[in-house]
Amino acid sequence: MEYINTNISEIKSELNIYFTEEERDKLFDIFKDIANNGNLSHDELKEKLSNLSFTLQEDRVIEILFEYNLLAYKSKNNELIISYRENELDTYDRDALLITLPKCLYHYYKRL
């Protein structure tokens, strides 16, 4: 539990590079929504981000979160596509993928 809280603190600090505190808090609301309600499609996530009026374009926000391993894509076969393992996300059809959380974020909301 302590590891997860320390990790979340570090994640929030890293996100401050790109986002305001308010935007960062909105991202954590989205993370909580994914943890509690299941995966999102790429378009669903873009729509949620659009409704929250981020400074950056929605695709750039998603790109940053993927690069920092704060989001992962999942295929219909439950294959996880995580940035540190995948060189080119562009080789996948994003419309056929779902967006999920890595375990470090998921377990922040869904305790072990």
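Residues numbered from 1 in each chain as written. Predicted model: local features only at pLDDT ≥ 70, side-chain atom pairs only at ≥ 80, totals over all residues. Heavy atoms only, no water.

### Describing the sheet that holds strand β4 (residues 98–100)
The condition that has to hold: We call two strands paired when DSSP finds no fewer than two bridges between them. By definition, any uninterrupted DSSP run of H or I lasting at least four residues is a helix, any uninterrupted run of E lasting at least two residues is a strand, and each is numbered from the N terminus.
Taken together, the four strands give an open sheet; going across it, the order is β1-β4-β2-β3, and neighbouring strands pair in antiparallel fashion. Two strands bound the open sheet, and with one partner strand each, they are β1 (40–41) and β3 (80–81). Here strand β2 (residues 72–74) runs beside β4; their pairing, made up of three bridges, is antiparallel. Each bridged residue has a counterpart across the sheet, and for alanine 72 the counterpart in β4 is threonine 100.

### What about the pattern of salt bridges?
Quick note on the threshold: Salt bridges, as used here, are contacts in which a Lys or Arg side-chain nitrogen is within 4 Å of a carboxyl oxygen on Asp or Glu. For every residue, the accessible area obtained with a 1.4 Å probe (protein chains only) is divided by the maximum for its type, and the residue is called buried under 20%, exposed over 50%, and partly exposed between those limits.
Taken as a whole and assessed by the stated rule, the structure comprises six salt bridges. Here aspartate 25 ties to arginine 24 by a salt bridge, and the two come within 3.5 Å at their closest N and O atoms. Its relative accessible area of 34% is what places aspartate 25 among the partly exposed residues. Classification of arginine 24 by relative accessible area gives buried; the value is 11%. A salt bridge links arginine 60 to glutamate 63; the nearest nitrogen and oxygen atoms lie 2.6 Å apart. Highlighted residues: arginine 60 and glutamate 63, both in helix α4 (residues 58–67), separated by three residues, approximately one helical turn. Here the salt bridges do not stand alone but share partners, grouping Arg60, Glu63 and Glu67 into one network.

### As for the packing of aromatic side chains
Describing an aromatic ring pair means giving the distance of the ring centres and the angle of the ring planes. The test is simple: In this analysis, rings of Phe, Tyr and Trp, with Trp reduced to its six-membered ring, are considered paired at centre separations within 6.5 Å, and the interplanar angle assigns stacked below 30 degrees, edge-to-face beyond 60, and tilted for intermediate values. Here, a charge over a ring is recorded when the distance from Lys NZ or Arg CZ to the ring centre is within 6 Å and its angle to the ring normal is within 35 degrees.
Applying the stated criterion across every chain yields a total of seven aromatic pairs. Seen from their ring centres, tyrosine 18 and phenylalanine 19 are 6.3 Å apart, and the 55° between their planes marks the pair as tilted. Ring geometry for tyrosine 108 against tyrosine 109: centres 4.9 Å apart, planes inclined by 80°, an arrangement best described as edge-to-face. For tyrosine 108, a relative accessible area of 22% puts it in the partly exposed group. Residue classification places tyrosine 109 among the buried positions, given a relative accessible area of 18%. Site record: aromatic cluster; members linked through ring pairs are Tyr18, Phe19, Phe54 and Tyr68. Looking at lysine 12, its charged tip hangs above the ring of phenylalanine 28, at a distance of 5.0 Å from the centre.

### A short note on helix α1 (residues 2–15)
Stated precisely, the cut-off is as follows: Take the residue count of a helix, subtract one, and multiply by 1.5 Å to get its expected span. Note that the arc is computed from the directions linking the helix axis to the C-beta atoms. Pairs of residues are marked as contacts when any of their non-hydrogen atoms sit within 4.5 Å.
Across its 14 residues, α1 extends 20 Å between first and last C-alpha, which sits within 8% of the 20 Å expected from 1.5 Å per residue. Considered for burial, the residues of α1 that qualify are Ile4, Asn7, Ile8, Ile11 and Leu15. Buried residues of α1, viewed axially, fall in a sector of 100°; they line one side. Tucked into the core, α1 has its buried residues touching α2 (21–37), α4 and α5 (103–109).

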